[in-house]
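Coordinates in review
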Amino acid sequence: MKVPGFISLWTLTSLLCGQLGNTAEHEDVVKHAIKLHRGKGAVITQRKQWVMESCRKLSGLLRQKNVVLNKLKNAIRAVEKDAGLSDEEKLFQVHTFEIFQKELNESENSVFQAIHGLQRALQGDYKDVVNMKESSRQRLEALREAAIKEEMEYVELLAAEKHQVEALKNMQHQNKSLSILDEILEDVRKAADRLEEEIEEHAFDDNKSVRGVNFEAVLRVEEDEANSKRNASKREVEDDLGLSMLIDSQNNQYILTKPRDSTIPRADHHFIKDIVTIGMLSLPCGWLCTMIGLPTMFGYIICGVLLGPSGLNSIKSIVQVETLGEFGVFFTLFLVGLEFSPERLRKVWKISLQGPCYMTVLMIAFGLLWGHLLQIRPTQSVFISTCLSLSSTPLVSRFLAGTVRGDKEGDIDYSSVLLGMLVMQDVQLGLFIAVMPTLIQAGVSTHSSIFKEILRILILIGQILFSLAAVFLICLVIKTYLIGPYYRKLHAESKGNKEILILGISAFIFLMLTITELLDVSMELGCFLAGALISSQGHMVTEEIMACIEPIRDFLAIIFFASIGLHVFPTFVIYELTVLLFLTLSVVIMKFVLAVLVLSLILPKTSQYIKWIVSAGLAQVSEFSFVLGSRARRAGIISREVYLLILSVTTLSLLLAPALWRAAIMKCVPRPERRSST
């Protein structure tokens, strides 16, 4: 609808302000507007009269607005000169008049913005999608700004109303004598008002102008409104904001994290219900897996599948559940480190360092080869290969829990090698997360900047190596000077009161986690090192701490494995079962073969037999591929289809891991050492 002419904004403004003097000029403008809108020269008398009458009314309203503005200015000057009013009362009345002035001006601006939008739409071409999109974006931005201004004005009016109510109360108190109780309550009220002003954070006003902040339309869903049988008043709804849920235009859901009034305790009942539901359903699911000979963690994963988006979809606080589940990983790795003494670490550190590095390089090489044959971008090939090269530390830790492991003289314990390699993979995970921004830039960079990107990657690797050296130096200082006195103090204070011991150990775990996080190394490594440092205090210390921490670890591990199940989509697996089985078996076999090949080269001849067990433990994909995959999908490195394939292959490989582990144990481990290994 390309329109040859348009109504100028200046002409319309003059018309609305009453500057066009006679009816003939009104009629000319109206005829032109109808011609543009209808696409024909015919004039309908009734429509013409309606338009002219509307223009006259609007012009009169604008003249009346100017008169009111002048009266408001005079009223402000009169208030400022009134000696009978206090400074606070003057400020309040002037502010009230200014709010009304702002309301009048914003209403006028909205009219002319609408006219300008109509003018722009009449000039556009309905076949030009880009132009229509830009017009829609401009209208959306205008509506967002108008909504923000209206929200601010509403808040100011609420404050004015509150001030009026307080002024009325003060007048009533002045007209009557107050009792001692009334005076005390009045003092408490004033103190409460001061407290509210002190603790209130003006987060909205402070952040609305920050760079990168966007105004968006959201829906606020109140839990009370979902129950039609309960009629909540407006005040009850406002006081129940802790149960509100915000939904944006992209279908992301948000919950309240910090209320405006911090004096009122609030609880996220959705999160409480989610944890309770997971805890109740995990019992029968884990029990069923135990009866059929599977590890209980698969029952917890099934629990997550049943409650997640692909099942009943009853979990509302998915992000919160996953966050709590991360603590299961932290405590699991701490107990792994608790069993992994520094003496054992020194024995296998070369193998633990070389093995994962060689495997990752080989996986990336095979990935680039297959990517070249399948015409996949190198960036995407490197990312997928690195994701698939990682193995699940929590899963293998559960396999090793309770096993009887004793080194033969001159041999290396398979559990030490396996755990050492898994911890090194966790370090690689932190390195890869640090390098990912550069990988994203490399995906869109030109060939002229390849040298710069390689140099940037090398600098990042140097930073990570420096951070690792700093971490191990800190560990050496802690082991030499701090950990012994610290544990003895905890042990002395916790006699008859285990909560001090539990709290002290948890604080130490979080301290090491924070140190490694600040040094840009994975938090998981900090948890592992915390356990290894405490294990240096002796076997009795290890047994005492393990007895206290294991129940906490077990509960949090249930949440962690259930959170994995939230990202398992059985329908997608069923639709693409053949392809997914082929891909999963290919990945598992490739990782197993590469691990056997690498271990054959770096293991001593007397310990070659453990390569089958270690390879079986590494022949699955880490659950952290979920995290890496989600980040890569948001960054545009991989597509939605590739992301779903990574999730499905990871899940199926984790399901195949117990069978492969059991087969390796049956083949290579003497019978006395098999207890509880499966």
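In the nomenclature of an unreviewed UniProt entry, the protein chain corresponds to Transmembrane and coiled-coil domains 3 from the organism Phasianus colchicus.

1. A few points about helix α19 (residues 523-535)
The end-to-end C-alpha distance of α19, which contains 13 residues, comes to 19 Å, matching closely the 18 Å that a straight helix rising 1.5 Å per residue would cover. Counting buried residues in α19 gives 12 out of 13 residues, a clear majority hidden from the surface.

2. Remarks on the sheet that holds strand β2 (residues 245-248)
Here we have three strands laid out as an open sheet, ordered β1-β2-β3, and antiparallel in their pairing. In the strand order of this sheet, the two ends are held by β1 (218-221) and β3 (253-255), each with one partner. For this sheet, the mean inter-axis angle between neighbouring strands, taken without regard to orientation, is 25°. Across three bridges, the pairing between β2 and β3 is antiparallel. The residue of β3 that forms the bridge with Met 245 is Ile 255.

3. Examining the pattern of salt bridges
A full pass over the atoms with the stated rule returns six salt bridges. Between Glu 53 and Arg 56 there is a salt bridge; the shortest N-O distance is 3.7 Å. Separated by three residues within a single helix, Glu 53 and Arg 56 lie in helix α3 (residues 45-81), roughly one turn from each other. The class of Glu 53 is partly exposed, set by a relative accessible area of 38%. Among the ionic pairs, Lys 489 bridges to Glu 493, the shortest N-O distance being 3.3 Å. Residue Lys 489 and its partner Glu 493 are located together in helix α17 (residues 450-493), separated by four residues, close to a single helical turn. Counted as one network, the salt bridges with shared partners bring together Glu 550, Arg 553 and Asp 554.

4. So, the UniProt feature "transmembrane region" (unreviewed entry) in the protein chain
Here, the residues flagged by UniProt with the feature "transmembrane region" (unreviewed entry) are residues 285-307, 327-345, 357-376, 454-478, 499-519, 555-575, 580-603 and 642-661. Helix makes up 85% of residues 357-376 and strand 0%, with an end-to-end C-alpha separation of 24 Å. End C-alpha atoms of residues 555-575 are separated by 34 Å, and the span's content is 81% helix alongside 0% strand.

Scoring rules and cut-offs
Residues numbered from 1 in each chain as written. Predicted model: local features only at pLDDT ≥ 70, side-chain atom pairs only at ≥ 80, totals over all residues. Heavy atoms only, no water. Helix = DSSP H or I, 4+ residues; strand = E, 2+ residues; numbered from the N terminus. Expected span 1.5 Å × (residues − 1). Buried < 20%, exposed > 50% of the residue type's maximum accessible area, 1.4 Å probe, protein only. Pairing = 2+ DSSP bridges. Axes fitted to C-alpha atoms, helices over the stretch in contact; angles between N-to-C directions. Salt bridge = Lys/Arg side-chain N within 4 Å of Asp/Glu carboxyl O. UniProt positions renumbered as here; feature names shortened; annotations may be inferred.

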